[in-house]
Structure formats: C-alpha cells, structure tokens
2 protein chains.
Amino acid sequence: MAFMLLNRLTTRSGRRDDVFRNLIESGKRFDDNSACLLYFVAESTEAEDEIWVVDLWTSEAVHAAALEDPALQPYIAETTPLLEGMPQQIPVRARGGKGLPDG
Amino acid sequence: MAFMLLNRLTTRSGRRDDVFRNLIESGKRFDDNSACLLYFVAESTEAEDEIWVVDLWTSEAVHAAALEDPALQPYIAETTPLLEGMPQQIPVRARGGKGLPDG
C-alpha cells in the first residue's frame, strides 16, 4: 500500500527561499529511487513562511530508509535551524483519484 | 502557473466512507478535463474522520470553473451535510520536486 505524507514546515522569517533550495536540492536524491513515486515542494500562497511537501512512497518502510541516506544528513542539519519548530507530518493513505502513480 | 490546493475535510462521525464515495465518484468528472493535472483523495491514518484532497490544476480560474459544472452540484449538496464545518482549503504553488506533471 502506497504511503503518502503531507508535511507542513514553518520557516523562520525570511528563510523560506533557503529552505526551498535545500528541499529541492536534497530531493534530487529521490530522482533515481523508484520507491519514491512523488515529491512535491510547494509554498503556501497565503502564509508567507509556510512550505508544504507532499510525497508518495511505495511503503512507509522505504520512506524511513530513504531518510537515513547519509547524503541527506547535511541538508537536514542545515535546514532544521531555519524552521520554527519541527515539521508537522500528516500521514495519509491514497484512496483514489486522478494521476496517482502505481506503486 | 499551476495551482495546487490542499483540502482538509472533517467528516461527521462514521460518514467517512460516504464522503469518500462521493469525492471519488464526482472526481471522475475531472478524468477527461485536461486542466486537472492531479486529484488525490486520501484518508488520514491518524485521525479517523479526516480526509485530504490534493489537487493540481493548470490555473486557479480553470479550477473555479470546474467546480461550477452542474453535474457536480448534487455531489456537493449531498456531501456538505456529512462534514463537520467547511473544508479547510490551503492554496499552494508548486516550486519543484519529482513527478509533477507539466501544466
């Protein structure tokens, strides 16, 4: 069963672009990982310091394993202090719709 | 610029499956609408009565127009009383990632 995660990040004032750069750059690690079906990085158009990451993986376990990738750790270490608090993670399970990849 | 919307719906107790059925059935109207790039219907795995809809459109205007489709109105009328309050809509703009369709 595919595992989808909605992540809401609040950045420190004025650091949104820095966080974007890290999220998009580090996410390139997932480009060649077939277990990562989708990884969207988006900005709220209403809340200035709010970022949403929507990602879809073939399972929760492969997602957890991907985050252990040593190459990701410098990005995580650099990004965490740019956030207000910890990301809010909302795990969801896709039930249907249009455009969902198989996995 | 593509327009993405994250929608958080809270259903009345025990009505989540009814709401799912309506969301997935009514969403079939978007299958042949090339302006609708993605439409995911997902359930929270932590909050029993919470549904998330993630949709991506080529523009905010075409999304608004799609919701005016007369064929959708019976679904909206049937679903609204099954919800606790109004859906929370979070408009976002995709900045990058993996698997985003062009539009």
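Residues numbered from 1 in each chain as written. Chains lettered and ligands numbered in written order. Predicted model: local features only at pLDDT ≥ 70, side-chain atom pairs only at ≥ 80, totals over all residues. Heavy atoms only, no water.

### A look at the overall build of chain A
- Helix and strand counts for chain A stand at 3 helices and 4 strands.
- Counting helices and strands in the order they occur from the N terminus, chain A gives β-α-β-β-α-α-β.
- Projected onto its principal axes, the C-alpha positions of chain A cover 40 × 35 × 20 Å.
- Of all 103 residues assigned to chain A, the portion counted as buried reaches 47%.
- With the model as given, the accessible surface of chain A reaches about 5200 Å², and the carbon-plus-sulfur share is 49%. (Helix = DSSP H or I, 4+ residues; strand = E, 2+ residues; numbered from the N terminus. Buried < 20%, exposed > 50% of the residue type's maximum accessible area, 1.4 Å probe, protein only. Areas by Shrake-Rupley, 256 points an atom, 1.4 Å probe, with all protein chains shown as cover.)

### Points about the side chain of T11(A)
Residues and elements named next belong to chain A.
- Counting through the fold element by element, T11 comes out in the loop between β1 (3-10) and α1 (16-27).
- By relative accessible area, T11 is classed as buried at 1%.
- Ignoring any residue separated from it by four or fewer positions in sequence, one finds T11 in contact with R16, V19, D49, I51, L82, L83 and E84. (Contact = heavy atoms within 4.5 Å.)

### Focus: α1(A)
- Between its terminal C-alpha atoms α1(A) stretches 16 Å, which fits the 16 Å expected from 12 residues at 1.5 Å a residue.
- Residues of α1(A) that are buried: R16(A), D18(A), V19(A), F20(A), N22(A), L23(A), S26(A) and G27(A).
- Buried positions along α1(A) lie against β1, β2 (36-44), β3 (50-57) and α3 (73-79) of chain A together with β4 (88-98) of chain B. (Expected span 1.5 Å × (residues − 1).)

### With respect to the relation of the copies chain B and chain A
- It takes a turn of 180° to lay chain B on chain A, together with a shift of 0.0 Å along the axis; the resulting RMSD is 0.0 Å. These values place the two chain copies in the arrangement generated by a two-fold rotation axis.
- Interface overlap between copies: 100% of the residues of chain B at the interface are likewise at the interface in chain A, consistent with a symmetric, same-surface contact. (Least-squares fit on C-alpha atoms with pLDDT ≥ 70 in both.)

### Considerations on the pairing of strand β4 (residues 88-98) of chain A
- Strand direction decides the pairing type here: β1(A) and β4(A), joined by 5 bridges, are antiparallel. Looking at β4(A), one finds that L6(A) is bridged to I90(A).
- As paired strands, β4(A) and strand β2 (residues 36-44) of chain B are joined by 6 bridges and run antiparallel to one another. In the sheet register, V92(A) faces β2(B), and the bridge partner there is S44(B). (Pairing = 2+ DSSP bridges.)

### What to know about the interface of chain B and chain A
- Every contact between the two is made by 32 residues of chain B and, on the other side, 32 residues of chain A.
- Here chain B packs against chain A, burying approximately 3000 Å² in sum over the two surfaces, 59% of which is carbon and sulfur.
- Contact with chain A buries area across many residues of chain B, yet F40(B), R95(B) and K98(B) alone supply 27% of it, more than any other trio.
- Taken together, the links from chain B to chain A amount to 6 salt bridges.
- Between R95(B) and E43(A) there is a salt bridge, with the nearest N and O atoms lying 3.1 Å from each other.
- Summed over the shared surface of chain B and chain A, the result is 22 residue pairs in polar contact (both at pLDDT 80 or more).
- Looking at which element gives the most residues to the side of chain B that touches chain A, the answer is β4(B), with 9 residues.
- Of the residues that constitute the side of chain B that touches chain A, the class distribution is 18 nonpolar, 6 polar and 8 charged. (Buried area = accessible area lost by both parts, 1.4 Å probe. Salt bridge = Lys/Arg side-chain N within 4 Å of Asp/Glu carboxyl O. Polar contact = N/O pair within 3.5 Å; in protein donor to acceptor, adjacent residues only side chain to side chain. Nonpolar A, V, L, I, M, F, W, Y, C, P; charged D, E, K, R; others polar.)

Shape descriptors only; they carry no functional weight alone.
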